[in-house]
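What follows is the residue order along each chain.
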Amino acid sequence: AQKITQTQPGMFVQEKEAVTLDCTYDTSDQSYGLFWYKQPSSGEMIFLIYQGSYDEQNATEGRYSLNFQKARKSANLVISASQLGDSAMYFCAMRLLMEYGNKLVFGAGTILRVKS
Amino acid sequence: GAGVSQSPRYKVAKRGQDVALRCDPISGHVSLFWYQQALGQGPEFLTYFQNEAQLDKSGLPSDRFFAERPEGSVSTLKIQRTQQEDSAVYLCASRLELAGGSYEQYFGPGTRLTVT
């Protein structure tokens with residue numbers, strides 16, 4: 001079965017510093033996609049970044065980068081230059097590309113608090 | 001509107017009542033998903049539509065849960081005889097393409113259901 005594990009229930013980071021949120025995944029499929037979503041207290045899920053299993057380079061989107069280590073089955077999110085507005089819940093998710101419908105399987109999330 | 005909308009945003013139901021939750025996906029999006037998010041947890045897949053066809057309902061927790069998308073656009077998630085364990089945020093998401101690729105799911109703001 002597919003599973004996403006986020007081992008950090010909560011994280012603190014000082015404003016303007018970088019922070020890494022951990023994510024490991026478990027699947028026997030070769031074709032899959034990994035996502036990170038941000039969920040502020042208002043509740044909406046905001047897409048941040050995507051990494052395909054066959055992508056050779058780590059994905060980057062502005063201050064977000066994904067540290068993809070395929071052999072270790074990890075897909076950590078790195079946020080550089082943290083801002084107060086980054087305080088939110090962060091979810092790692094996986095999608096199996098050969099599975100019909102491609103539903104997302106989510107981890108339990110990590111709460112990030114940015115301190116001023 | 002440009003995004004996925006859901007109504008109502010908040011719903012309080014007495015145990016045993018039936019509820020109906022509505023989702024308006026982004027116009028033209030083929031795929032529609034429902035997720036259930038318990039407090040402090042990641043979203044969990046409930047069901048998937050491709051246009052009007054419900055192709056995966058493996059995540060529906062019981063036969064009290066029913067979803068439909070009769071014209072391939074608006075979807076309704078109905079919960080009959082609500083129970084306290086049904087209390088959660090119900091998220092709807094839509095996606096443009098059928099399967100594969102890096103297209104993310106666009107999430108609505110969710111409906112927070114509280115069963116008393």
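First things first, this report covers the structure right here in the doc. Every value quoted in this text rests on a predicted model; they were computed, and no experiment measured them. (Residues numbered from 1 in each chain as written. Chains lettered and ligands numbered in written order. Predicted model: local features only at pLDDT ≥ 70, side-chain atom pairs only at ≥ 80, totals over all residues. Heavy atoms only, no water.)

1. Overview of the overall build of chain A
Working step 1: Each helix and strand counted, chain A has zero helices and 12 strands in total.
Working step 2: Starting at the N terminus, the α and β elements of chain A follow one another as β-β-β-β-β-β-β-β-β-β-β-β.
Working step 3: At 14 Å, chain A has a C-alpha radius of gyration in line with the 13 Å of a compact globule built from 116 residues.
Working step 4: In terms of overall dimensions, chain A has C-alpha extents of about 45 × 30 × 20 Å along its principal axes.
Working step 5: Expressed as a percentage of its 116 residues, the buried residues of chain A come to 49%.
Working step 6: In chain A, the share of contacts with a sequence separation of at least 24, taken over all contacts with a separation of at least 6, comes to 55%.
Working step 7: When the accessible surface of chain A is split by element, carbon and sulfur atoms take 49% of a total near 5500 Å².
Working step 8: Mean positive and mean negative side-chain charge positions of chain A (11 and 11 charges, respectively) differ by 4 Å. (Helix = DSSP H or I, 4+ residues; strand = E, 2+ residues; numbered from the N terminus. Rg over C-alpha atoms; globule rule 2.2 N^0.38 Å. Buried < 20%, exposed > 50% of the residue type's maximum accessible area, 1.4 Å probe, protein only. Contact = heavy atoms within 4.5 Å. Areas by Shrake-Rupley, 256 points an atom, 1.4 Å probe, with all protein chains shown as cover. Lys, Arg positive; Asp, Glu negative; His and termini not counted. Charge placed at Lys NZ, Arg CZ, Asp CG, Glu CD.)

2. Some words on the interface of chain B and chain A
Working step 1: Between chain B and chain A, the contact holds 26 residues from the first and 21 residues from the second.
Working step 2: The junction of chain B with chain A conceals about 1700 Å² of combined surface from both sides, 55% of it contributed by carbon and sulfur atoms.
Working step 3: One can count three residue pairs in polar contact (both at pLDDT 80 or more) joining chain B with chain A.
Working step 4: Mapped onto the side of chain B that touches chain A, the elements with two or more residues apiece are β4 (31-37), β5 (44-50), β6 (53-56) and β9 (88-95) of chain B.
Working step 5: In the side of chain B that touches chain A, the residues fall into 11 nonpolar, 10 polar and five charged. (Buried area = accessible area lost by both parts, 1.4 Å probe. Polar contact = N/O pair within 3.5 Å; in protein donor to acceptor, adjacent residues only side chain to side chain. Nonpolar A, V, L, I, M, F, W, Y, C, P; charged D, E, K, R; others polar.)

3. Here's the deal with the pattern of salt bridges
Working step 1: This model, assessed by the stated rule, comprises five salt bridges over all chains.
Working step 2: A salt bridge links K73 of chain A to D26 of chain A, with the nearest nitrogen and oxygen atoms 4.0 Å apart. Taken together, the positions of K73 of chain A in the loop between β8 (64-69) and β9 (74-79) and D26 of chain A in strand β4 (residues 24-26) put the pair 47 residues apart, joining distant regions of the chain.
Working step 3: Residue K78 of chain B is joined to E68 of chain B by a salt bridge in which the shortest nitrogen-to-oxygen separation is 3.4 Å. (Salt bridge = Lys/Arg side-chain N within 4 Å of Asp/Glu carboxyl O.)

4. Here's the deal with the environment of R81 of chain B
All names here are of chain B.
Working step 1: When you line up the elements, R81 lands in the loop between β8 (75-79) and β9.
Working step 2: Of the residues examined, R81 reaches a relative accessible area of 45% and is grouped as partly exposed.
Working step 3: In sequence terms R81 and P43 are 38 residues apart; their C-alpha atoms lie 22 Å from each other.
Working step 4: The contact partners of R81, leaving out residues within four places of it in the chain, are G16, Q17, D18, D63 and R64.

5. Brief notes about the environment of T20 of chain A
Working step 1: By secondary structure assignment, the location of T20 of chain A is in strand β3 (residues 19-21).
Working step 2: Residues T20 of chain A and V78 of chain A lie 58 residues apart in sequence; the distance between their C-alpha atoms is 4.5 Å.

6. Digging into the sheet that holds strand β7 (residues 65-68) of chain B
All names here are of chain B.
Working step 1: Reading across from one edge, β1-β3-β8-β7 is the order of the four strands in this open sheet, with antiparallel pairing throughout. For this open sheet the edge positions go to β1 (5-7) and β7, each flanked by a neighbour on one side alone. Averaged over all neighbouring strand pairs, the angle between strand axes comes to 15°, with direction disregarded.
Working step 2: As paired elements, strand β3 (residues 19-24) and β8 share five bridges and run antiparallel to each other. Paired with V19 across the bridge in β8 is I79. (Pairing = 2+ DSSP bridges. Axes fitted to C-alpha atoms, helices over the stretch in contact; angles between N-to-C directions.)

7. Details of the state of the cysteines
All names here are of chain A.
Working step 1: Evaluated as defined, the whole model comprises two disulfides over all chains.
Working step 2: A disulfide bridge connects C23 with C92, and the sulfur atoms are separated by 2.0 Å. The sign of the -60° torsion about the S-S bond sets the C23-C92 disulfide as left-handed. Of this pair, C23 sits in the loop between β3 and β4 while C92 sits in strand β10 (residues 88-96), and the two are 69 residues apart along the sequence. (Disulfide = S-S within 2.5 Å.)

8. Topic: the nonpolar core
Most often, soluble globular proteins keep nonpolar side chains buried together rather than apart.
Working step 1: Core analysis: the largest hydrophobic core is formed by 25 residues, its most contacted members being Y25, L34, W36, I49, L77 and Y90 of chain A.
Working step 2: Among the elements of the structure, β3, β5 (32-39), β6 (46-52), β8, β9, β10 and β12 (110-115) of chain A are those that each provide at least two residues to this core.
Working step 3: Here this core takes five residues from β10 of chain A, the largest share from any one element.
Working step 4: Listed in part, the 20 residues of the second largest apolar core include C23, F49, L77 and I79 of chain B. (Core = buried A, V, L, I, M, F, W, Y, C linked by side-chain atoms within 4.5 Å.)

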